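# Overview (structure and organization)
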Amino acid sequence: MPTVSVGRDRLFQALGRSYTQEEFEELCFEFGIELDDVTTEKEIIRKEKHLEAEVREEDEEEVIYKIEVAANRYDLLCLEGIARALRIFIGKEEIPIYKFREIPRESMLQINVTKATSKIRPYVVGAVLRGVSFNRANYNSFIDLQDKLHQNICRKRTLVAIGTHDLDTIDAPFSYEALIPQDITFTPLKQVKSFRADELLEFYRSDLKLKKFLHIIENSPVYPVIYDRNRTVLSLPPIINGAHSAISLRTKNVFIECTATDLTKAKIVLNTMVTMFSEYCDSKFEVEPVEVVYPDDRQFEDCASEGIFKGKNIYPDLAVTVMDIPLSVITCPIGISLGVAEVIPLLNKMQLHAKEKLGTGNYAITVHVPPTRSDILHPCDVMEDVAIAYGYDKIPKTKPKCMTTGGQQPLNVFSDKIRGEVSRAGYMEVLTWLLCSHEENFAMVKRKDDGAKAVTIGNPRSSEFEVVRTSLMPGLLKTLKHNIDHRRPIKIFEAGDIVCLDGTRDVGASNNRRLAALYCNVTSGFEEILGLVMRIMQVVQKPHEPANDNFIRPSNEPEFFPNRQCYIIFKEKQIGAFGVVHPEVLEKFGIPDPCTFVEIDIQALL
Amino acid sequence: MAEDSILGFLQNNEAISDSLQFAASAGIDHNELENVIKSLRGFEIVDAQEFQKDRWFLKEEGKTYAREGSPEVQLFNAVPPDGISREELQKKVNPTVFKIGSSWAVKKKLVEIGRQGVSRKVEYVEDKIQGFLQQIEKGEVVDEKDLAELKNRKLIEFRPLKGYSLRKGPKYVSKRKKAATDLTREHLLRGDWRDLEFKEYNLSAQVQPIQIGYLQPLLKVRDAIQSIFLQMGFEEMPTNNYVESSFWNFDALFQPQQHPARDSHDTFFLKVPSSTRELPEDYVAKVTRVHESGDYGSLGYRYKWKREEADKNLLRTHTTAVSARMLYRLAQQKSFSPKRYYSIDRVFRNEAVDRTHLAEFHQIEGLICDRGLTLGDLFGVLEDFFARLGMAKLRFKPAYNPYTEPSMEIFSYHEGLKKWVEVGNSGMFRPEMLLPMGLPEDVSVIAWGLSLERPTMILYGIDNIRDLFGPKVDFNVIKNNPICRLGLE
């Protein structure tokens with residue numbers, strides 16, 4: 001879940017009153033956000049640098065609230081959004097109407113898209129905020145919001161990258177192109193000298209913040225780039241903006257562009273930027289649209305969000321989604337009975353305009369979903385908002401009426417019974433991990449990997465997570481090693497699953513329930529394990545079936561000592577093996593005393 | 001012997017004022033006497049007061065001289081009245097006696113050692129040194145001036161000595177009966193148990209551990225939670241399939257393909273077997289549509305859904321993948337019947353491990369599928385379930401989860417910590433998840449999940465998850481773990 005840092009005093013000022021921490025936490029809890037931490041700017045820096053906490057200079061520093069918000073509420077990623085949502089929630093503000101600045105189509109700023117962009121980053125959207133009043137606080141918030149969006153919905157700039165520019169330094173029409181790196185030269189943000197694009201990427205390889213994004217374009221023959229009519233570079237998305245059009249506290253008119261591989265998300269990102277910061281425009285909540293013109297040969301492209309492309313597109317798409325929802329679809333799933341007149345104010349608290357839909361015979365509500373609420377996909381999302389606004393604490397608790405009977409999986413009942421038998425035989429149950437290193441699963445138990453057995457992890461974080469175990473042996477030996485000073489004899493067991501490749505299953509692998517037990521003492525304890533095997537084979541005997549005699553045959557498995565090992569045979573099938581653990585295996589695991597080990601496929605005994 | 005003499009003496013006398021003197025006069029080693037005193041005191045047969053006094057003790061060399069005589073006198077006695085050659089004398093006494101004895105004998109002018117040999121200078125010597133040493137050994141007082149030489153020659157040392165003064169105790173007897181330690185078969189056969197006194201047990205002594213088997217603490221809690229589900233009429237889902245396709249783990253749950261959980265930073269994707277071999281194609285088509293352009297009244301996520309993403313195999317990140325398979329199977333039945341399902345099994349996350357997070361852990365999941373279920377029903381069933389886990393006070397916080405709407409975090413008031421702590425997640429499955437499966441439109445699913453490890457750690461006060469699960473668990477933790485009392489209240 002994303003966390004947003006906001007100044008407490010600025011937030012309370014925006015909310016029009018101050019709160020005690022408990023009161024504010026309570027408000028957050030009801031609304032569905034969480035006050036995660038209370039800190040100060042200096043404290044954050046100290047933590048980053050791992051410095052000792054100094055004596056707090058009370059009242060000197062601004063208190064910062066770190067607020068955790070839902071991952072699909074992009075409109076809550078900045079102070080403006082949180083404050084607006086809470087103001088509306090507590091009834092202090094009307095739902096804003098976001099509107100276009102009325103300008104003739106021909107004077108609309110244009111972004112022309114070239115064909116080649118489809119090879120690297122096919123989409124672009126844009127908008128203009130006119131007459132913005134920046135101060136230090138809202139300017140920082142504006143920058144932070146871009147960061148938060150980049151981290152979250154933009155998936156670290158892979159899906160969408162945002163560029164913001166001082167419109168008064170550049171001239172429309174703009175053009176969104178994809179060019180070979182050698183043909184792009186400009187002075188990037190925070191630099192004084194001009195770079196060629198390929199050299200710039202090389203330069204950023206040592207930049208802690210930017211190096212993470214280089215992989216998005218570095219292997220492409222062409223890089224995306226946005227120019228103005230004078231061939232001034234606005235940005236090299238998704239890496240860096242140009243220095244020329246950089247915004248500052250003095251900027252009045254802001255041009256926002258978002259380039260993307262996912263058009264739906266680009267539109268959400270742009271909407272979030274303009275709906276949040278049009279608050280500071282001379283004409284509040286007013287946005288100037290931008291026209292994006294795709295080349296003729298991209299007119300037939302199928303884009304999931306737009307369907308077949310139109311040649312000219314007006315952005316931002318501030319269209320309000322309208323849903324006609326029967327009242328019962330809202331109230332029945334919650335389990336409350338409210339009338340239309342009671343539901344509408346609840347919807348309003350959640351920023352949803354609503355009015356009764358008349359003439360349908362049944363009660364229904366027409367809901368207008370504003371561009372800030374991209375999280376609302378279905379009437380069930382509207383239903384949730386009503387439930388939140390009503391208050392979860394007030395919903396009467398009821399009991400589901402359906403009559404069902406309980407039951408367990410036979411395999412689990414069976415393995416629980418076997419666990420009982422083995423613990424009654426004086427063994428201690430342990431529980432080990434499915435994931436292990438390749439070496440533990442193979443070389444350390446003297447087994448070769450023929451590639452036909454083990455499930456292999458593609459992206460292990462460390463060698464501990466390379467394969468899924470194909471035997472319980474390494475886990476038990478590791479457990480023994482960690483308790484090597486324990487009183488002898490040590491008798492441990494585990495009942496659990498291993499996983500093997502299995503061509504008969506849809507996913508190509510299947511679990512197998514195993515029982516393993518280990519005996520460790522100054523002598524090998526072969527008879528102890530033999531006794532346990534006898535006991536298990538005795539208790540799994542089914543009534544009226546011939547007894548299982550002769551279930552032991554000599555074996556020759558590498559993890560056991562030669563001539564001190566046996567297979568366990570059940571219905572002509574080998575279902576397990578036991579024996580004195582090979583000294584080379586003991587050595588690999590660092591175990592100084594002899595051990596005997598048994599492993600049985602208990603699924604086969606069910 | 002020692003016991004008899006103490007008890008016998010006290011029979012006729014009021015007290016033994018000094019056990020040291022008593023031991024010396026009775027010819028009993030004081031250490032032996034001390035053991036008897038302690039035993040008699042333990043049974044309150046005598047009252048014993050400890051005291052300490054300082055006195056002279058013989059050192060090893062002094063003890064030898066007390067026994068054998070001082071070396072100078074030994075040497076003197078080895079010299080015949082008419083003299084002896086040096087060599088002969090050396091043969092007659094041991095080398096230490098010769099070495100020390102000759103120098104002291106010369107110094108004390110007892111003998112003369114010349115070229116001709118060794119000859120006596122006096123006719124008779126009294127061994128005073130030996131006499132003093134024997135007196136000290138017996139605990140008798142020796143004159144300060146006589147101690148001087150003994151001190152110089154380091155034959156004696158000054159040490160504290162513990163003694164006792166004794167008198168009859170409340171349970172004094174002149175003769176103690178022999179106490180038996182255990183009731184044996186012979187006692188029963190002979191019938192003499194009636195006359196025997198049995199030794200008191202020392203109940204504070206360390207008890208020998210008995211040889212028994214043990215169950216793993218985490219699995220004991222699993223068993224307890226499992227029986228809560230069973231009592232509430234829930235049926236277990238088959239969860240023994242750790243390898244899952246992205247389709248069942250994510251896509252079927254209406255989790256978009258760019259969702260952060262599908263990042264390699266969070267999920268273990270597989271090299272072998274890298275992708276799934278088959279999926280139910282009709283169903284895949286419906287899932288594709290609901291993701292790409294929406295359906296069933298949903299706007300969808302409006303992106304290009306990729307089959308190869310759905311085919312990617314992984315280690316399941318939640319047991320909800322199994323729930324999806326079960327609900328799909330339920331939807332394929334001719335007529336719908338309500339279900340309550342549960343599972344408690346292993347899930348995998350490719351996250352950084354720390355004191356509270358492992359790459360694998362156990363997820364508890366419960367769900368109810370029926371027509372017309374409500375959010376109130378979910379709150380009601382959660383209240384019932386968590387009350388049985390000892391968490392009677394619950395609150396629900398709105399949250400986000402891609403496959404449930406509404407989604408709630410479950411908070412429980414912790415009496416010990418005096419605050420609300422998050423104990424699980426819950427919600428109603430989205431129509432975008434249920435309707436493509438083919439479930440009837442009026443069927444809802446309410447569901448909740450939590451980890452098995454977290455409540456177990458809270459229950460037993462364990463703050464490092466590796467002390468509970470995995471190869472580093474200390475056997476003593478398993479052995480000392482009490483029975484799980486969940487569900488007993």
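Source: prediction; values computed, not measured.

If you walk through the whole model with that rule in mind, you get 74 salt bridges over all chains. Where R222(B) meets D416(A), a salt bridge forms, and the shortest distance between an N and an O atom there is 3.5 Å. Highlighted residues: R222(B) in helix α11 (residues 217-231) and D416(A) in helix α11 (residues 410-424), drawn from two different chains. Where R355(B) meets D463(B), a salt bridge forms, and the shortest distance between an N and an O atom there is 3.3 Å. Remark: D463(B) occurs in the loop between α18 (453-460) and α19 (475-480) and R355(B) occurs in the loop between β12 (339-348) and β13 (360-371); sequence separation between them is 108 residues. When salt bridges with common partners are traced through the structure, they connect R73(A), D75(A), R373(A), D375(A) and D385(A) into a single cluster.

Residue and element names in this part refer to chain B. Here A66 lies in helix α4 (residues 60-68). For A66, a relative accessible area of 3% puts it in the buried group. Along the chain, A66 and Q130 lie 64 residues apart, while their C-alpha atoms are 4.9 Å from each other.

In this complex, chain A contributes 99 residues to the contact, which on the side of chain B involves 109 residues. Ranking the residues of chain A by area buried against chain B places F29(A), L431(A) and W433(A) at the top, with a combined share of 9%. Here chain A and chain B share nine salt bridges between them. Between K397(B) and E34(A) there is a salt bridge, with the nearest N and O atoms lying 3.1 Å from each other. Inspection of the region where chain A meets chain B yields 49 residue pairs in polar contact (both at pLDDT 80 or more). No other element matches helix α10 (residues 379-390) of chain A, which puts seven residues into the side of chain A that touches chain B.

All names here are of chain B. Those residues of α18 not exposed but buried are E453, P455, T456 and M457. Buried residues along α18 sit against α11, β13 and β17 (443-451). At the exit of α18 stands G461, carrying a positive phi of roughly 65°.

Procedures and definitions
Residues numbered from 1 in each chain as written. Chains lettered and ligands numbered in written order. Predicted model: local features only at pLDDT ≥ 70, side-chain atom pairs only at ≥ 80, totals over all residues. Heavy atoms only, no water. Salt bridge = Lys/Arg side-chain N within 4 Å of Asp/Glu carboxyl O. Helix = DSSP H or I, 4+ residues; strand = E, 2+ residues; numbered from the N terminus. Buried < 20%, exposed > 50% of the residue type's maximum accessible area, 1.4 Å probe, protein only. Contact = heavy atoms within 4.5 Å. Buried area = accessible area lost by both parts, 1.4 Å probe. Polar contact = N/O pair within 3.5 Å; in protein donor to acceptor, adjacent residues only side chain to side chain.

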